[in-house]
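Next come the chains, spelled out residue by residue.
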Amino acid sequence: MLWKNLQQKYALTDQGVKNVQRGAFWTVIVNIVVMGGMGILYLLMERYMDTLTIGGALPKALPYLALLLGFLALSLLTHLQQYRATYGLVYGEVKAVRIGLAERLRKLPLGWFGKRDLADLTETVMGDVNRLEHVWSHCLGYLYGSYVSTAIVAVCLFLYDWRLALACLWGVPVAFGLLFGSRKLAKQNSERAKAAALQVSDGIQETLESIREIRATNQEERFLRELNEKIDRSERVQIRGELSTGIFVNAASVIMRLGVATTIMVGTGLILSGQIRFMLLFLFLLVITRVYAPFDQALALIAEMFVSQVSANRLLEIQKTRTAEGAEKFFPQGHDIEFRDVRFSYDDKEVLKGVSFTAKEGQVTALVGPSGSGKSTCARLAARLWDVEGGSVLLGGVDISTVDPEVLLTDYSMVFQDVVLFDDTVMENIRLGRRGATDEAVRSAAKAANCDEFVEKLPHGYATAIGENGAKLSGGERQRISIARALLKDAPIVLLDEATASLDVENETEVQGALSRLLAGKTVLVIAHRMRTVQNADKIVVLSDGRVAEQGSPEELMAKRNGVFARMAQLQSVSTGWKL
Ligand code: ADP
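Quantities reported herein were computed from a predicted structural model and do not represent experimental measurements.

### Here's the deal with the sheet that holds strand β1 (residues 337–346)
Next, step 1: One open sheet accounts for four strands, arranged β2-β1-β4-β5; its pairing is antiparallel. Looking at the sheet topology across the chains shown, the edges are occupied by β2 (349–359) and β5 (398–399).
Next, step 2: Judged from the two bridges that link them, strand β4 (residues 390–395) and β5 form a sheet pairing that is antiparallel. Each residue of the ladder has a partner; that of L395, found in β5, is V398.
Next, step 3: In the packing of helix α12 (residues 375–382) onto the sheet, contacts are made with β1, β2 and β4, and the angle to β1 comes to roughly 115°.

This is the structure:
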């Protein structure tokens, strides 16, 4: 029960709980061994003091020396074990947690990423895990071990002399009470500090990302001022938080130490009234310094543990989010994509309100409609980048929500507006389309996508590194790389956001050529922006306000009087001079 609770609270894995138990066990042993050392010291002092006060021969030093050496060896061994159990094992655990987190992120539906921004996510994977690592390694085992060993020592002290024990230990529960009382405040402070720190990293990221626009519009000063304000605020919140935690921790520590004074007062009274010997008071004074030591550290740790719970909650949120999973093998009958009464919302905003249509294999199905009508959303749902909320999407008769997204995506090529390129060579960026493809295959895909010409002009040809997210390439070039990737992959389904191709005005026909090679014989779902594509499509699905307004072949729709599509086509041909 306690362990389950602990596991929940600090986002520990099963192995992590075992590590904490082991750490606690060895902390108990270490504390008891150290107390044993105190015992030896006490015996030695008692013997020598007796010689002074009662008289007689000095005791033999050798047996004590041997005892002391034995104790030292034991202490070394147990400390080593404790070190291994508390610190060593935890580092393995941290690695497992980070890998687990990465695995989980891989399986989370993409919609989840839309809700969290990148700085926030990076902070969880790096910062939160680091903070928890410290708690797992330095706090939990140590703290629980200290509870147990102090309880054991307290029982022994009470058996020895309950009056002195009380005088010595009353401060411990009071100090902990005070600290637990301040728990809510610490948590609040930590949440505030976290939010302020996130704003800072967000601000820095935003500034870096939009540096070009900022410079171009002379907004440096405003951005810097805002960033400085955020940093100042974060600093203030942080200092306030640390201060209030510091006050409570120090107050608790002082209260605990008052026990030394009360022990001396009570002890002196008891000695004067002849109820105890001086040596007993001496023993208590010796022992309480050791009783306080782990608690002193524990007090600081508890404050850290309160604070770390914010991190743990953030980690747990990721671990609890439902992953998009499914069968690793699926057997579709052909590659028709069918939307059956599909509903979908972003947050609370319903974007698709019961969409039904079929995109047939070997045909081009064009999604048209005004901006914001849900075209891109349909394309994303078709590849299970998000899960539908109502209805279903079928691929060759198989509901795609039952198929593992990674497996499913092997059947899809996507050429979207936001092409993601990596800071690697052109060759490797295209090879992403099919892992293990030969250089030859990559080159011929690049040629088919009309990349050849601009790649040859790069300083090292295909071996040229293209900068982070393709910063060194023009929009059209990036798009063509993405088409080359898709050609290399040669998946039976192609999702295409056509704005892509329209970027490349300089050699539009070539890109069209590349696209027609890519699309031949596939199930093609295209978000169409240009009339020419729409005209050449086999089927048109007109979306309007999250519903299918019309669907059919271009001719059928054009023939409809007052049809939405016919009206749109007319408007576009007037505004752009295009003729259908
Ligand atoms: P289209 O492709 O037809 O322009 P979209 O499918 O991109 O339309 O968007 C449909 C609606 O959903 C729009 O109102 C848009 O603002 C909203 N939307 C799109 N993506 C997101 C997102 N990641 N989070 C929240 N709302 C979104």
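Resuming the write-up.
### Thoughts on the state of the cysteines
Next, step 1: Overall, the coordinates contain zero disulfides when judged by the stated rule.
Next, step 2: We note that C156 lacks a disulfide partner, and the nearest cysteine sulfur, in C168, lies 13 Å from it.
Next, step 3: For C156, a relative accessible area of 43% puts it in the partly exposed group.

### Some details on the side chain of T377
Next, step 1: Within the secondary structure, T377 is located in helix α12.
Next, step 2: Assessed through its relative accessible area of 5%, T377 is described here as buried.
Next, step 3: A distance of 3.0 Å separates polar atoms of two side chains, one belonging to T377 and the other to Y346.
Next, step 4: What T377 contacts, discounting residues up to four positions off in sequence, is F344, Y346, V351 and L352.

### Quick notes on a positive patch on the surface
Next, step 1: Taken together, the side chains of R192, R233, R236 and R240 present a region of like positive charge at the surface.
Next, step 2: At three residues, the largest contribution of residues to the positive patch is made by helix α10 (residues 220–272).

### What about the nonpolar core?
Next, step 1: Of all hydrophobic cores here, the largest spans 62 residues; its most connected members are Y10, W136, L140 and L157.
Next, step 2: Put simply, the parts of the chain that give this core at least two residues each are α2 (14–53), α3 (61–107), α5 (118–160), α6 (162–169), α7 (171–181), α10 and α11 (278–320).
Next, step 3: With 19 residues, the top contributor of residues to this core is α11.
Next, step 4: Not counting residues up to four positions away in its chain, the partners in contact with Y10 are L132, V135, W136, L140, M305, S308, Q309 and A312.
Next, step 5: Counting residues in each nonpolar core, the second largest holds 46 residues, with V364, A366, F454 and L515 among its members.

### Focus on the confidence of the model for the protein chain
Next, step 1: Summary statistics for the protein chain give a mean pLDDT of 84 and a share of 94% for residues scoring 70 or more.
Next, step 2: Element-level pLDDT for the protein chain is lowest in helix α18 (residues 499–502), with a mean of 51, against a maximum mean of 94 in β4.
Next, step 3: Predicted confidence is poor over residues 500–504, with pLDDT under 50, and the contacts of this stretch with residues over four places away or in other chains come to 14 contacts.

### Digging into the domain arrangement of the protein chain
Next, step 1: The domain boundaries assigned to the protein chain delineate domain 1 (12–320) and domain 2 (337–576).
Next, step 2: Of note, the centres of domain 1 and domain 2, computed from C-alpha atoms alone, are 55 Å apart.
Next, step 3: Each partner contributes residues to the interface: domain 1 has six residues there, and domain 2 has four residues.
Next, step 4: Summed over both sides, the interface between domain 1 and domain 2 buries roughly 460 Å², with carbon and sulfur atoms accounting for 52% of that surface.
Next, step 5: Between E406 and R106 there is a salt bridge; the shortest N-O distance is 3.1 Å.
Next, step 6: For the pair domain 1 and domain 2, the interface holds one residue pair in polar contact (both at pLDDT 80 or more).
Next, step 7: The element best represented in the side of domain 1 that touches domain 2 is helix α4 (residues 110–115), accounting for four residues.

### Here's the deal with empty space enclosed by the protein
Next, step 1: Inspection of every chain in the model, using the stated rule, returns three cavities of 30 Å³ or more.
Next, step 2: Roughly 60 Å³ of internal volume is contained in the largest cavity.
Next, step 3: In terms of lining, the largest cavity is formed by N31, V34, M35, S149, T150, V153, R290, V291 and P294.
Next, step 4: Listing elements by their share of the lining of the largest cavity, those giving two or more residues are α2, α5 and α11.

### Here's the deal with the site of the ligand
Next, step 1: Around the ligand, the neighbouring residues are Y346, K349, V351, P370, S371, G372, S373, G374, K375, S376, T377 and R380.
Next, step 2: Contacts to the ligand include G372, whose backbone N or O atom sits 2.7 Å from an oxygen atom.
Next, step 3: Contact between the ligand and T377: an oxygen atom at 2.4 Å from a side-chain N or O atom of the residue.
Next, step 4: Here the ligand has 560 Å² of accessible area as a free molecule, and 65% of this is covered by the chains.
Next, step 5: Those elements giving two or more residues to the shell around the ligand turn out to be β2 and α12.
Next, step 6: Sorting elements by how many residues they give to the shell around the ligand places α12 first, with four residues.
Next, step 7: Partitioning the shell around the ligand into residue classes produces three nonpolar, six polar and three charged.

Calculation criteria
Residues numbered from 1 in each chain as written. Predicted model: local features only at pLDDT ≥ 70, side-chain atom pairs only at ≥ 80, totals over all residues. Heavy atoms only, no water. Pairing = 2+ DSSP bridges. Helix = DSSP H or I, 4+ residues; strand = E, 2+ residues; numbered from the N terminus. Contact = heavy atoms within 4.5 Å. Axes fitted to C-alpha atoms, helices over the stretch in contact; angles between N-to-C directions. Disulfide = S-S within 2.5 Å. Buried < 20%, exposed > 50% of the residue type's maximum accessible area, 1.4 Å probe, protein only. Polar contact = N/O pair within 3.5 Å; in protein donor to acceptor, adjacent residues only side chain to side chain. Patch = residues over 30% accessible without salt bridge, like charges linked within 9 Å, V, L, I, M, F, W, Y side chains within 5 Å. Areas by Shrake-Rupley, 256 points an atom, 1.4 Å probe, with all protein chains shown as cover. Salt bridge = Lys/Arg side-chain N within 4 Å of Asp/Glu carboxyl O. Lys, Arg positive; Asp, Glu negative; His and termini not counted. Charge placed at Lys NZ, Arg CZ, Asp CG, Glu CD. Core = buried A, V, L, I, M, F, W, Y, C linked by side-chain atoms within 4.5 Å. pLDDT = per-residue confidence, 0-100. Domains from an automatic or database assignment. Buried area = accessible area lost by both parts, 1.4 Å probe. 1 Å grid on protein atoms, 1.4 Å probe; cavity = no way out; pocket = protein on both sides within 12 Å on 5 of 7 lines; lining within 4 Å. Points joined across faces, edges and corners; volume = space filled by probe spheres on them. Near = heavy atom within 4 Å. Nonpolar A, V, L, I, M, F, W, Y, C, P; charged D, E, K, R; others polar.

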